[in-house]
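Summary of the model geometry
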Amino acid sequence: MGNSQGKKDKFSMASPVVIAATARHTATLIFFHGLGDTGHGWASSLGALRAPHVKVICPTAPTMPVTLNGGFRMPSWFDLRALDASGPEDEEGIKKAAESVHSMIAQEVAAGIPTERIVLGGFSQGGALALYSALTFPQQLGGVVALSTWLPLHQKFPNEVKGNKNMPVMQCHGNCDPVVNYKWGQATATLLKQFMTHTEFKTYQGLGHSSNDEELQDVKDFVDKVLKP
């Protein structure tokens, strides 16, 4: 019976892909995939780059109709109505998704991991969720890795920022991205710099809406730095 109930809940999710720490677990990276992907899409590459004390959690988004794709149902953290900085946004869906992220953080805290030892990350729509969730979280987090992405509901910032103005943020973006425009990534970085104290924006020449080895190495270096053993 539990299952049919679960299906009605718009935010019932498949089990996340979890890569356990191989040494004593003292830090966690929670990473959110892009539109239409699943947690498996990023798990192996992130598993290969994290340190032994870091647990990696790659949740899969709930399946929902996506306006941008003609209402077709696919894994999506919230509805996407447009892909430009001034387009309409699914405010209710974004806030609901962020609440879900905050409860994932709470589960790690309950398991004994302090919030400042938890890093959120994501690609594209998942990166947007990671940024928004981190900025609206009341306690200090370890950092955010935001790949090929933007800050949703950007007009609400910096007012919405709760407890994370000093959190390190690394944004990465290919300058040939045909999906999330590189200029949109740059505009997000400019906005973040106005109220965040530790932000960096890295550009990858010739990279489209994807990742590459250079970027993954930068992600590894960032996570190693903010989640030292």
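Computed from a predicted model, the values in this text were never measured in an experiment.

Here we come to the packing of helix 3 (residues 91–110) against helix 4 (residues 125–135). At their nearest, the axes of helix 3 and helix 4 sit 9 Å apart, and the two run at 70 degrees to each other. Relative to helix 4, the element helix 3 lies roughly perpendicular. Counted together, Ile94, Lys95, Ala97, Ala98, Val101 and His102 of helix 3 and Leu129, Tyr132 and Ser133 of helix 4 form the full contact between these two elements.

As a further point, take empty space enclosed by the protein. Evaluated as defined, the whole model comprises 1 cavity of 30 Å³ or more. In this structure, the largest cavity encloses a volume near 100 Å³. Taken together, 16 residues line the largest cavity, and the ones lying closest to its centre are Leu80, Ala82, Pro88, Glu89 and Trp150. Its residues assigned to classes, the lining of the largest cavity shows 9 nonpolar, 2 polar and 5 charged.

On to the pairing of strand 6 (residues 118–123), then. Within strand 6, 6 of the 6 residues are buried, which leaves the element mostly enclosed by the surrounding structure. In strand 6, alternate side chains face the same way, and those of Ile118, Leu120 and Gly122 on one face and Val119, Gly121 and Phe123 on the other are all buried. When strand 2 (residues 27–32) meets strand 6, the two strands line up parallel, connected through 5 bridges. Bridge pairing in strand 6 links Leu29 to Val119. Sheet topology note: the strand 6/strand 7 (residues 143–147) ladder contains 5 bridges and is parallel. Directly across from Val119, in strand 7, lies its bridge partner Gly143.

Relative to each other, helix 2 (residues 40–49) and helix 6 (residues 213–226) sit at 55 degrees, their axes nearing to 10 Å. For the element pair helix 2 / helix 6, the angle class is oblique. Every pair of crossing elements has a handedness; the one defined by helix 2 and helix 6 is right-handed. Counting all contacts with helix 2, which are made through Trp42, Ser45 and Leu49, the residues of helix 6 involved are Leu216, Val219 and Lys220. Each residue belonging to the contact of helix 2 with helix 6 can be placed in one class, and the counts come to 4 nonpolar, 1 polar and 1 charged.

Between the first and last C-alpha of helix 3 there are 29 Å, a value that for 20 residues agrees with the 28 Å anticipated at 1.5 Å per step. Taken together, the buried positions of helix 3 are Gly93, Ile94, Ala97, Ala98, Ser100, Val101, His102, Met104, Ile105 and Glu108. Among the structural elements, strand 2, strand 3 (54–58), strand 6 and helix 4 are those in contact with the buried residues of helix 3. Gly112 occupies a position one or two residues after helix 3 and carries a positive phi of about 100 degrees.

A few words now on the environment of Gln171. Along the chain, Gln171 falls in strand 8 (residues 169–174). Taking the C-alpha atoms as reference, Gln171 lies 20 Å from Gly41; in sequence the two are 130 residues apart. The residues touching Gln171, leaving out its near neighbours within four places in the chain, are Ala146, Thr149, Gly185, Thr188, Ala189, Leu192, Glu200, Phe201 and Lys202. A polar atom in the side chain of Gln171 sits 3.4 Å from the backbone nitrogen of Ala189.

The rules behind the values
Residues numbered from 1 in each chain as written. Predicted model: local features only at pLDDT ≥ 70, side-chain atom pairs only at ≥ 80, totals over all residues. Heavy atoms only, no water. Axes fitted to C-alpha atoms, helices over the stretch in contact; angles between N-to-C directions. Helix = DSSP H or I, 4+ residues; strand = E, 2+ residues; numbered from the N terminus. Parallel < 35°, antiparallel > 145°, perpendicular 65-115°, else oblique. Contact = heavy atoms within 4.5 Å. 1 Å grid on protein atoms, 1.4 Å probe; cavity = no way out; pocket = protein on both sides within 12 Å on 5 of 7 lines; lining within 4 Å. Points joined across faces, edges and corners; volume = space filled by probe spheres on them. Nonpolar A, V, L, I, M, F, W, Y, C, P; charged D, E, K, R; others polar. Buried < 20%, exposed > 50% of the residue type's maximum accessible area, 1.4 Å probe, protein only. Pairing = 2+ DSSP bridges. Left-handed = near helix turned anticlockwise from the far one by under 90°. Expected span 1.5 Å × (residues − 1). Polar contact = N/O pair within 3.5 Å; in protein donor to acceptor, adjacent residues only side chain to side chain.

In short, geometric facts, not functional conclusions.
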